[in-house]
Amino acid sequence: MSKGHAWVLGATGQIGRAAVRSLVEDGWEVTAASRGGDRDGSWDEGVRTAALDRDEDGALAAALGDGCDVLVDMVAYGEPHARQLTALADRIGSAVVVSSGAVYEDDRGRGFDTQGDPDGAPRYPVPLAESQATVAPGGATYATRKIRLERDLLAAGDALPVTLLRAGAVHGPYCRSPRELYFVKRALDGRARRVLAYGGTSRFHPVHAANVAELIRLAARKPGSRVLNAADPQAPTVAEIGEAVDAVLGHSARTVLMPGDATPEGVGETPWSSPHPIVYDMSAAERELGYRAVTGYTQSLPETVEWIVGQLAGREWTDAYPAMLRSYGTRLFDYAAEDAWLERYDREA
(Lines give C-alpha, C1' and ligand atoms only; values in the text may rest on other atoms or scores of the structure.)
Protein backbone atom coordinates (compact mmCIF):
# COMPACT_ATOMS: atom_id res chain seq x y z
CA MET A 1 0.00 0.00 0.00
CA SER A 2 1.27 3.45 -0.94
CA LYS A 3 2.31 5.79 1.87
CA GLY A 4 1.03 8.68 -0.23
CA HIS A 5 2.25 11.08 -2.88
CA ALA A 6 5.70 12.65 -2.54
CA TRP A 7 6.85 15.59 -4.65
CA VAL A 8 10.62 16.08 -5.00
CA LEU A 9 11.90 19.47 -6.18
CA GLY A 10 15.44 19.42 -7.58
CA ALA A 11 15.06 15.71 -8.28
CA THR A 12 17.95 15.39 -10.74
CA GLY A 13 20.51 16.97 -8.42
CA GLN A 14 22.94 14.99 -6.35
CA ILE A 15 20.70 14.49 -3.31
CA GLY A 16 17.47 14.48 -5.32
CA ARG A 17 18.38 11.38 -7.31
CA ALA A 18 19.04 9.42 -4.12
CA ALA A 19 15.96 10.80 -2.36
CA VAL A 20 13.63 9.70 -5.18
CA ARG A 21 15.02 6.17 -5.01
CA SER A 22 14.75 6.05 -1.23
CA LEU A 23 11.15 7.27 -1.17
CA VAL A 24 10.06 4.83 -3.87
CA GLU A 25 11.66 1.93 -2.02
CA ASP A 26 9.78 3.03 1.10
CA GLY A 27 6.43 2.84 -0.67
CA TRP A 28 5.74 6.40 -1.79
CA GLU A 29 4.33 7.42 -5.16
CA VAL A 30 6.86 9.98 -6.35
CA THR A 31 6.78 12.89 -8.76
CA ALA A 32 10.33 13.98 -9.61
CA ALA A 33 10.42 17.64 -10.63
CA SER A 34 13.37 19.43 -12.21
CA ARG A 35 13.94 22.19 -14.75
CA GLY A 36 14.41 19.69 -17.56
CA GLY A 37 11.96 17.09 -16.33
CA ASP A 38 14.65 14.45 -16.82
CA ARG A 39 14.57 10.87 -15.59
CA ASP A 40 17.43 9.13 -13.79
CA GLY A 41 18.15 5.68 -15.15
CA SER A 42 18.16 4.18 -11.64
CA TRP A 43 14.60 5.25 -10.83
CA ASP A 44 11.66 2.88 -10.81
CA GLU A 45 9.45 3.10 -13.92
CA GLY A 46 6.56 4.28 -11.74
CA VAL A 47 8.29 7.58 -10.93
CA ARG A 48 6.49 10.44 -12.64
CA THR A 49 8.59 13.35 -13.90
CA ALA A 50 7.70 17.00 -14.29
CA ALA A 51 9.52 19.88 -15.96
CA LEU A 52 9.29 22.85 -13.63
CA ASP A 53 10.94 26.22 -13.12
CA ARG A 54 9.81 27.01 -9.60
CA ASP A 55 10.75 30.69 -10.02
CA GLU A 56 8.11 31.25 -12.69
CA ASP A 57 5.05 32.89 -11.16
CA GLY A 58 2.45 30.28 -10.29
CA ALA A 59 4.41 27.39 -11.83
CA LEU A 60 4.76 25.31 -8.66
CA ALA A 61 1.15 25.88 -7.64
CA ALA A 62 -0.08 24.81 -11.06
CA ALA A 63 2.17 21.73 -11.12
CA LEU A 64 1.09 20.60 -7.65
CA GLY A 65 -2.57 20.65 -8.58
CA ASP A 66 -4.52 19.18 -5.66
CA GLY A 67 -1.33 18.86 -3.68
CA CYS A 68 0.84 16.16 -2.13
CA ASP A 69 1.35 14.38 1.16
CA VAL A 70 4.98 15.41 1.45
CA LEU A 71 7.06 17.89 -0.51
CA VAL A 72 10.84 17.41 -0.50
CA ASP A 73 12.77 20.51 -1.53
CA MET A 74 16.48 20.30 -2.38
CA VAL A 75 16.85 23.80 -3.76
CA ALA A 76 14.84 26.17 -1.56
CA TYR A 77 16.78 29.32 -0.85
CA GLY A 78 15.82 32.55 0.87
CA GLU A 79 12.62 34.44 1.53
CA PRO A 80 10.94 34.01 -1.90
CA HIS A 81 11.03 30.21 -1.73
CA ALA A 82 9.84 30.19 1.88
CA ARG A 83 6.93 32.43 0.88
CA GLN A 84 6.18 30.16 -2.07
CA LEU A 85 5.98 27.05 0.10
CA THR A 86 3.98 28.60 2.95
CA ALA A 87 1.46 29.98 0.44
CA LEU A 88 0.80 26.36 -0.60
CA ALA A 89 0.54 25.03 2.96
CA ASP A 90 -3.07 23.99 2.43
CA ARG A 91 -1.94 21.66 -0.36
CA ILE A 92 1.20 20.22 1.28
CA GLY A 93 0.82 17.68 4.07
CA SER A 94 4.38 18.21 5.32
CA ALA A 95 7.73 19.30 3.92
CA VAL A 96 11.36 18.22 4.15
CA VAL A 97 13.76 20.98 3.11
CA VAL A 98 17.52 20.79 2.72
CA SER A 99 19.33 23.63 4.48
CA SER A 100 23.02 23.93 5.37
CA GLY A 101 25.42 23.79 8.29
CA ALA A 102 26.71 27.12 6.98
CA VAL A 103 24.01 28.85 9.06
CA TYR A 104 25.88 28.31 12.34
CA GLU A 105 28.03 30.93 14.04
CA ASP A 106 30.35 30.53 16.99
CA ASP A 107 30.15 32.28 20.35
CA ARG A 108 31.99 35.30 18.92
CA GLY A 109 29.64 35.69 15.96
CA ARG A 110 31.99 34.11 13.44
CA GLY A 111 30.70 31.75 10.76
CA PHE A 112 31.30 30.58 7.22
CA ASP A 113 30.86 34.13 5.93
CA THR A 114 33.79 35.44 8.02
CA GLN A 115 36.35 32.79 7.00
CA GLY A 116 38.43 35.27 5.03
CA ASP A 117 38.52 37.98 7.69
CA PRO A 118 41.43 38.42 10.12
CA ASP A 119 40.89 35.85 12.87
CA GLY A 120 37.64 35.12 11.06
CA ALA A 121 37.63 31.33 11.14
CA PRO A 122 34.86 30.13 13.45
CA ARG A 123 35.66 27.96 16.45
CA TYR A 124 32.61 25.79 16.97
CA PRO A 125 31.90 23.36 19.81
CA VAL A 126 32.75 19.74 18.95
CA PRO A 127 30.35 18.27 18.19
CA LEU A 128 28.14 21.07 16.92
CA ALA A 129 24.49 20.69 17.96
CA GLU A 130 21.37 22.27 16.45
CA SER A 131 21.05 24.51 19.54
CA GLN A 132 24.17 26.44 18.48
CA ALA A 133 23.61 30.09 17.55
CA THR A 134 23.05 30.94 13.90
CA VAL A 135 23.77 33.95 11.71
CA ALA A 136 21.19 36.69 11.44
CA PRO A 137 18.71 36.18 8.59
CA GLY A 138 19.10 38.35 5.53
CA GLY A 139 19.56 38.37 1.80
CA ALA A 140 23.26 39.10 1.35
CA THR A 141 24.96 35.69 1.57
CA TYR A 142 24.30 31.98 1.22
CA ALA A 143 24.20 31.50 5.00
CA THR A 144 21.95 34.48 5.73
CA ARG A 145 19.51 33.46 3.00
CA LYS A 146 19.41 29.87 4.23
CA ILE A 147 18.58 30.95 7.79
CA ARG A 148 15.94 33.34 6.42
CA LEU A 149 14.39 30.34 4.69
CA GLU A 150 14.51 28.31 7.91
CA ARG A 151 12.97 31.01 10.10
CA ASP A 152 10.14 31.77 7.68
CA LEU A 153 9.24 28.11 7.20
CA LEU A 154 9.28 27.36 10.92
CA ALA A 155 7.05 30.40 11.52
CA ALA A 156 4.29 28.63 9.58
CA GLY A 157 3.88 26.30 12.56
CA ASP A 158 1.20 23.63 12.34
CA ALA A 159 0.03 24.96 8.98
CA LEU A 160 3.11 23.42 7.36
CA PRO A 161 5.13 20.90 9.41
CA VAL A 162 8.68 21.12 8.05
CA THR A 163 11.89 19.20 8.75
CA LEU A 164 14.95 21.29 7.92
CA LEU A 165 18.15 19.34 7.31
CA ARG A 166 21.40 21.24 7.91
CA ALA A 167 23.72 19.35 5.60
CA GLY A 168 27.48 19.06 6.00
CA ALA A 169 29.94 18.74 3.11
CA VAL A 170 27.85 16.71 0.63
CA HIS A 171 29.72 14.03 -1.32
CA GLY A 172 29.01 11.21 -3.73
CA PRO A 173 28.31 10.88 -7.47
CA TYR A 174 26.72 13.77 -9.40
CA CYS A 175 28.33 16.40 -7.18
CA ARG A 176 28.96 19.63 -9.11
CA SER A 177 31.77 20.67 -6.77
CA PRO A 178 33.36 17.47 -5.47
CA ARG A 179 35.96 18.27 -2.85
CA GLU A 180 37.62 14.93 -3.60
CA LEU A 181 38.69 16.37 -6.97
CA TYR A 182 41.57 18.00 -5.08
CA PHE A 183 43.16 14.60 -4.40
CA VAL A 184 41.84 12.68 -7.42
CA LYS A 185 43.36 15.07 -9.94
CA ARG A 186 46.69 15.10 -8.10
CA ALA A 187 46.79 11.31 -8.17
CA LEU A 188 45.92 11.20 -11.88
CA ASP A 189 48.61 13.79 -12.55
CA GLY A 190 51.19 11.64 -10.72
CA ARG A 191 51.97 14.16 -8.01
CA ALA A 192 54.40 12.57 -5.56
CA ARG A 193 53.75 15.00 -2.71
CA ARG A 194 50.89 17.12 -1.43
CA VAL A 195 51.00 20.04 0.99
CA LEU A 196 48.28 20.41 3.63
CA ALA A 197 47.81 23.50 5.77
CA TYR A 198 46.92 23.34 9.48
CA GLY A 199 48.97 20.19 9.88
CA GLY A 200 46.49 18.20 7.81
CA THR A 201 44.07 18.15 10.77
CA SER A 202 41.21 20.12 9.17
CA ARG A 203 37.85 18.40 9.53
CA PHE A 204 34.74 19.53 7.64
CA HIS A 205 32.11 16.89 8.42
CA PRO A 206 30.96 15.17 5.21
CA VAL A 207 27.55 13.70 4.41
CA HIS A 208 26.91 11.28 1.58
CA ALA A 209 23.86 11.99 -0.57
CA ALA A 210 22.45 8.58 0.41
CA ASN A 211 22.58 9.54 4.09
CA VAL A 212 20.68 12.75 3.40
CA ALA A 213 18.17 10.66 1.44
CA GLU A 214 17.76 8.37 4.45
CA LEU A 215 17.01 11.37 6.68
CA ILE A 216 14.47 12.55 4.10
CA ARG A 217 12.82 9.13 4.06
CA LEU A 218 12.54 9.05 7.84
CA ALA A 219 11.26 12.65 8.09
CA ALA A 220 8.62 11.95 5.44
CA ARG A 221 7.38 9.07 7.60
CA LYS A 222 7.24 11.24 10.72
CA PRO A 223 6.10 14.78 9.90
CA GLY A 224 6.96 17.54 12.34
CA SER A 225 8.59 20.96 12.64
CA ARG A 226 12.24 20.49 13.52
CA VAL A 227 15.82 21.34 12.58
CA LEU A 228 18.31 18.48 12.29
CA ASN A 229 21.94 18.14 11.30
CA ALA A 230 22.77 15.85 8.37
CA ALA A 231 26.20 14.19 8.46
CA ASP A 232 28.06 10.90 8.07
CA PRO A 233 29.04 8.72 11.03
CA GLN A 234 32.67 9.89 10.82
CA ALA A 235 34.41 13.20 10.18
CA PRO A 236 37.86 12.28 8.76
CA THR A 237 40.71 14.76 8.68
CA VAL A 238 41.84 16.12 5.33
CA ALA A 239 45.04 14.06 5.62
CA GLU A 240 42.97 10.90 6.12
CA ILE A 241 40.83 11.76 3.10
CA GLY A 242 43.92 12.18 0.93
CA GLU A 243 45.24 8.79 1.99
CA ALA A 244 41.83 7.18 1.38
CA VAL A 245 41.61 8.61 -2.16
CA ASP A 246 45.14 7.40 -2.90
CA ALA A 247 44.18 3.92 -1.69
CA VAL A 248 41.20 3.81 -4.07
CA LEU A 249 43.37 4.85 -7.03
CA GLY A 250 46.39 2.74 -6.12
CA HIS A 251 48.47 5.91 -5.85
CA SER A 252 51.15 6.73 -3.31
CA ALA A 253 51.89 10.32 -2.36
CA ARG A 254 53.74 11.72 0.63
CA THR A 255 51.93 14.31 2.69
CA VAL A 256 53.90 17.42 3.66
CA LEU A 257 52.30 19.13 6.64
CA MET A 258 52.23 22.91 6.85
CA PRO A 259 51.71 24.00 10.47
CA GLY A 260 49.60 27.09 9.81
CA ASP A 261 47.65 28.85 7.08
CA ALA A 262 47.99 28.18 3.39
CA THR A 263 50.24 30.56 1.47
CA PRO A 264 48.78 33.63 -0.27
CA GLU A 265 49.11 31.68 -3.55
CA GLY A 266 46.97 28.89 -2.09
CA VAL A 267 49.66 26.28 -1.42
CA GLY A 268 48.28 23.99 1.29
CA GLU A 269 44.69 25.06 0.76
CA THR A 270 42.03 22.41 0.15
CA PRO A 271 38.21 22.48 -0.03
CA TRP A 272 38.16 21.17 3.56
CA SER A 273 40.72 23.61 4.98
CA SER A 274 39.87 25.23 8.29
CA PRO A 275 42.03 25.88 11.35
CA HIS A 276 39.29 24.52 13.62
CA PRO A 277 37.16 21.37 13.24
CA ILE A 278 33.56 21.45 11.96
CA VAL A 279 31.90 18.31 13.31
CA TYR A 280 28.13 17.95 13.54
CA ASP A 281 26.23 16.26 16.37
CA MET A 282 23.82 13.66 14.97
CA SER A 283 22.19 12.60 18.23
CA ALA A 284 19.00 14.63 17.60
CA ALA A 285 18.34 12.86 14.28
CA GLU A 286 19.03 9.52 15.91
CA ARG A 287 16.68 10.32 18.80
CA GLU A 288 13.84 11.95 16.85
CA LEU A 289 13.84 9.90 13.64
CA GLY A 290 15.73 6.73 14.55
CA TYR A 291 18.37 7.72 11.99
CA ARG A 292 21.18 5.30 11.21
CA ALA A 293 23.58 6.12 8.40
CA VAL A 294 23.36 3.86 5.35
CA THR A 295 27.01 4.39 4.38
CA GLY A 296 30.26 5.92 5.62
CA TYR A 297 32.91 8.10 4.01
CA THR A 298 35.54 5.52 3.13
CA GLN A 299 32.89 2.89 2.36
CA SER A 300 31.30 5.15 -0.28
CA LEU A 301 34.54 6.65 -1.62
CA PRO A 302 35.26 4.20 -4.49
CA GLU A 303 31.99 5.10 -6.23
CA THR A 304 32.68 8.81 -5.75
CA VAL A 305 36.20 8.55 -7.12
CA GLU A 306 35.02 6.49 -10.10
CA TRP A 307 32.45 9.18 -10.90
CA ILE A 308 35.04 11.97 -10.75
CA VAL A 309 37.53 10.06 -12.90
CA GLY A 310 34.79 9.43 -15.46
CA GLN A 311 33.89 13.11 -15.58
CA LEU A 312 37.54 14.06 -16.12
CA ALA A 313 38.08 11.59 -18.97
CA GLY A 314 39.15 13.45 -22.10
CA ARG A 315 38.66 16.99 -20.81
CA GLU A 316 40.13 19.60 -18.51
CA TRP A 317 38.92 19.78 -14.92
CA THR A 318 37.76 23.33 -15.57
CA ASP A 319 35.33 22.03 -18.21
CA ALA A 320 34.21 19.07 -16.12
CA TYR A 321 33.64 21.10 -12.96
CA PRO A 322 33.02 24.78 -13.75
CA ALA A 323 31.42 25.29 -10.32
CA MET A 324 34.74 24.35 -8.70
CA LEU A 325 36.51 26.86 -10.92
CA ARG A 326 34.08 29.59 -9.88
CA SER A 327 34.54 28.78 -6.19
CA TYR A 328 38.31 28.33 -6.04
CA GLY A 329 39.79 29.62 -9.28
CA THR A 330 42.91 27.80 -10.45
CA ARG A 331 44.70 28.00 -7.10
CA LEU A 332 43.81 24.45 -6.06
CA PHE A 333 46.00 23.10 -8.87
CA ASP A 334 48.73 25.71 -9.11
CA TYR A 335 51.52 23.16 -9.31
CA ALA A 336 54.14 25.79 -10.12
CA ALA A 337 53.50 27.60 -6.83
CA GLU A 338 53.40 24.28 -5.00
CA ASP A 339 56.69 23.10 -6.49
CA ALA A 340 58.36 26.41 -5.63
CA TRP A 341 57.19 26.08 -2.03
CA LEU A 342 58.39 22.46 -1.85
CA GLU A 343 61.79 23.46 -3.23
CA ARG A 344 62.16 26.00 -0.41
CA TYR A 345 60.88 23.44 2.09
CA ASP A 346 63.48 20.90 0.94
CA ARG A 347 66.32 23.43 1.22
CA GLU A 348 65.31 24.36 4.76
CA ALA A 349 64.68 20.79 5.95
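Each value, and the rule that gives it
- Residues numbered from 1 in each chain as written.
- Predicted model: local features only at pLDDT ≥ 70, side-chain atom pairs only at ≥ 80, totals over all residues.
- Heavy atoms only, no water.
- Phe/Tyr/Trp six-rings, centres within 6.5 Å; stacked < 30°, edge-to-face > 60°.
- Helix = DSSP H or I, 4+ residues; strand = E, 2+ residues; numbered from the N terminus.
- Buried < 20%, exposed > 50% of the residue type's maximum accessible area, 1.4 Å probe, protein only.
- Lys NZ or Arg CZ within 6 Å of the ring centre and 35° of its normal.
- Salt bridge = Lys/Arg side-chain N within 4 Å of Asp/Glu carboxyl O.
- Contact = heavy atoms within 4.5 Å.
- Axes fitted to C-alpha atoms, helices over the stretch in contact; angles between N-to-C directions.
- Parallel < 35°, antiparallel > 145°, perpendicular 65-115°, else oblique.
- Left-handed = near helix turned anticlockwise from the far one by under 90°.
- Nonpolar A, V, L, I, M, F, W, Y, C, P; charged D, E, K, R; others polar.

**Some remarks on the packing of aromatic side chains**
- Per the stated rule, a full pass over the model turns up 11 aromatic pairs.
- With a centroid separation of 5.7 Å and an interplanar angle of 55°, the aromatic rings of F112 and F204 are classed as tilted. With F112 in the loop between β5 (92-100) and α4 (142-154) and F204 in the loop between β8 (193-196) and β9 (206-208), this residue pair connects regions lying 92 residues apart in the sequence.
- Under the relative-accessibility criterion, F112 is labelled partly exposed at 22%.
- Between W341 and Y345, the ring centres sit 5.3 Å apart and the planes meet at 15°, which makes this aromatic pair stacked. With W341 and Y345 both in helix α12 (residues 335-348) and 4 residues apart, the pair spans about one turn of that helix.
- Its end group placed over the ring of Y182, R186 keeps NZ or CZ at 4.0 Å from the ring centre.
- Over the face of the ring belonging to Y335 we find R191, whose NZ or CZ atom lies 4.1 Å from the ring centre.

**Re the pattern of salt bridges**
- Inspection of the entire model under this criterion finds 22 salt bridges.
- The partner of R54 in a salt bridge is D73, and the shortest N-O contact between them spans 2.8 Å. Residue R54 is located in the loop between β3 (48-51) and α2 (59-64), and its partner D73 is located in strand β4 (residues 68-73); the two are separated by 19 residues in the primary sequence. Comparing R54 with D73 shows no difference in burial state: the two are buried.

**A word on the environment of G168**
- Relative to the helices and strands, G168 is located in the loop between β6 (162-167) and β7 (169-171).
- Linking G168 and I241, residues 73 residues apart in sequence, is a C-alpha distance of 15 Å.
- When near neighbours in sequence (up to four residues on either side) are disregarded, G168 contacts H205, V207, A230 and Y280.

**Concerning the environment of A121**
- Positionally, A121 belongs in the loop between β5 and α4.
- Its relative accessible area of 11% is what places A121 among the buried residues.

**Description of the side chain of K185**
- Note that K185 resides in helix α5 (residues 181-188).
- The exposure class assigned to K185 is buried, which follows from its relative accessible area of 15%.
- Once residues within four sequence positions are removed from consideration, K185 is found in contact with W317, F333 and Y335.

**Quick look at the packing of α5 against helix α7 (residues 238-249)**
- Remark: α5 packs on α7, axes separated minimally by 9 Å, with the N-to-C direction vectors making an angle of 45°. Taken together, α5 and α7 sit at an angle that is classed as oblique. α7 is crossed by α5, and the crossing has right-handed handedness. In contact with F183, V184 and A187 of α5, α7 contributes V238, I241, G242, V245, D246 and L249.
- Classifying every residue of the contact of α5 with α7 gives 7 nonpolar, 1 polar and 1 charged.

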